[in-house]
Amino acid sequence: MKQIYSRPHSELLAAGVLVSATAIVVVQFLHGRPTVVAGSERIGTLGWQFSFRDAVVITVTACAAGASAAVLLSGAHSEATLNTERSNPPAQQSDDASNELLQARRQEWETTSERLADNEELVYQTILDADGVLPQSEIVNRTDLSKATVSRTLDSLETRDLVERKRRGMGNMVLLT
């Protein structure tokens, strides 16, 4: 018969180890002896002195506490991820939301397009037809404008905060803002 351990049992074990290890570390720190410093006039304590055994116990139990805390945190993260996946079917909801956002942005961009000069409108509409993202070299290919004309037009559109150029390798990626 195969025995299956459920996650709540492992979390309970990890919580027990965390509590026990924390208690042992506290006891070991309380077990330390103060280092007394005596001078010609003053006597004081400089710090705490631990034996090698105390240091080993503190180190091992601190590692056990850290590992059990990591187990507990990863279990909480897994549960949160599982609940999110159950409540949101990933592909369909994200596609619907992105399509709605794209349609809203497209309407906004088309309104902006009507207020532009000839070359600006042509370049802007070309980027709009590519869903708002297009390499600068592709704009040159699709519009039959020269590289210099496209560059100057993009400068003008950038000045008006309508597009943004991001460096990608040897060229630029142009995004509608």
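Residues numbered from 1 in each chain as written. Predicted model: local features only at pLDDT ≥ 70, side-chain atom pairs only at ≥ 80, totals over all residues. Heavy atoms only, no water.

Caption draft 1: Focus on a negative patch on the surface. A cluster of acidic side chains, namely Glu110, Glu114, Asp118, Glu121 and Asp129, defines a negative patch on the protein surface. Top element by residues in the negative patch is helix 4 (residues 118-129). It accounts for 3 residues. Tracing the chain through its elements places Glu121 in helix 4. For Glu121, a relative accessible area of 32% gives the class partly exposed. (Patch = residues over 30% accessible without salt bridge, like charges linked within 9 Å, V, L, I, M, F, W, Y side chains within 5 Å. Areas by Shrake-Rupley, 256 points an atom, 1.4 Å probe, with all protein chains shown as cover. Salt bridge = Lys/Arg side-chain N within 4 Å of Asp/Glu carboxyl O. Lys, Arg positive; Asp, Glu negative; His and termini not counted. Charge placed at Lys NZ, Arg CZ, Asp CG, Glu CD. Helix = DSSP H or I, 4+ residues; strand = E, 2+ residues; numbered from the N terminus. Buried < 20%, exposed > 50% of the residue type's maximum accessible area, 1.4 Å probe, protein only.)

Caption draft 2: Structural view of the packing of helix 4 against helix 6 (residues 147-159). In contact at an axis separation of 9 Å, helix 4 and helix 6 are set at 85° when each is read in the N-to-C sense. By the angle between their axes, helix 4 is roughly perpendicular relative to helix 6. The residues of helix 6 that touch helix 4, namely those facing Asn119, Glu120, Val123, Tyr124 and Ile127, are Thr149, Thr153, Leu154, Ser156 and Leu157. (Axes fitted to C-alpha atoms, helices over the stretch in contact; angles between N-to-C directions. Parallel < 35°, antiparallel > 145°, perpendicular 65-115°, else oblique. Contact = heavy atoms within 4.5 Å.)

Caption draft 3: Structural view of unusual backbone geometry. Positive phi, close to 65°, is recorded for Asp131, a residue that is not glycine. Checked against the element boundaries, Asp131 lands in the loop between helix 4 and strand 3 (133-135). Even without being a glycine, Asp161 presents a positive backbone phi close to 60°. Here Asp161 shows up in the loop between helix 6 and strand 4 (163-168). Using a relative accessible area of 59% as the deciding quantity, one classes Asp161 as exposed.

Caption draft 4: Structural detail: helix 4. Over its 12 residues, helix 4 extends 16 Å from the first C-alpha to the last, a length consistent with the 16 Å expected when each residue adds 1.5 Å. By the burial criterion, the buried members of helix 4 are Glu120, Val123, Tyr124, Thr126, Ile127 and Leu128. Positive backbone phi, approximately 65°, marks Asp131, located one or two places after helix 4. (Expected span 1.5 Å × (residues − 1).)

Caption draft 5: Focus on the nonpolar core. Within the largest apolar cluster, 18 residues are counted, with the highest numbers of intra-cluster contacts made by Tyr124, Ile127, Ile139, Leu154, Leu157 and Val163. When residues of this core are traced back to their parent elements, those giving at least two are helix 4, helix 5 (136-143), helix 6 and strand 5 (171-176). When residues of this core are assigned to their parent elements, the largest contribution, 4 residues, is made by helix 4. The contact partners of Leu157, leaving out residues within four places of it in the chain, are Leu116, Glu120, Val123, Tyr124, Leu162 and Val163. (Core = buried A, V, L, I, M, F, W, Y, C linked by side-chain atoms within 4.5 Å.)

Caption draft 6: Summary view of the sheet that holds strand 4. Here 3 strands make up an open sheet; going across it, the order is 3-5-4 and the pairing antiparallel. Here the strands that pair on one side only, and so sit at the sheet edges, are strand 3 and strand 4. Averaged over all neighbouring strand pairs, the angle between strand axes comes to 25°, with direction disregarded. The sheet contact formed by strand 3 and strand 5 spans 3 bridges and is antiparallel. Looking at the pairing, Pro135 lines up with Met173 of strand 5. Packing of helix 4 onto the sheet brings it into contact with strand 3, strand 4 and strand 5, and relative to strand 5 it is tilted by some 85°. Sheet strands in contact with helix 5 are strand 3, strand 4 and strand 5, and its direction is about 85° off that of strand 3. (Pairing = 2+ DSSP bridges.)

Caption draft 7: Representation of a nonpolar patch on the surface in the model. A surface patch of nonpolar side chains, about 330 Å² in accessible area, is lined by Phe52, Val56 and Val60. Examined against the element boundaries, Phe52 turns out to sit in helix 2 (residues 52-87). Assessed through its relative accessible area of 71%, Phe52 is described here as exposed.

Caption draft 8: Broad picture of the pairing of strand 4. Pairing geometry for strand 4 and strand 5, over 6 bridges, is antiparallel. Counted as the bridge partner of Val163 is Leu176 from strand 5. Between the end of strand 4 and the start of strand 5, which pair antiparallel, lie 2 residues, with Gly169 showing a positive phi angle near 65°.

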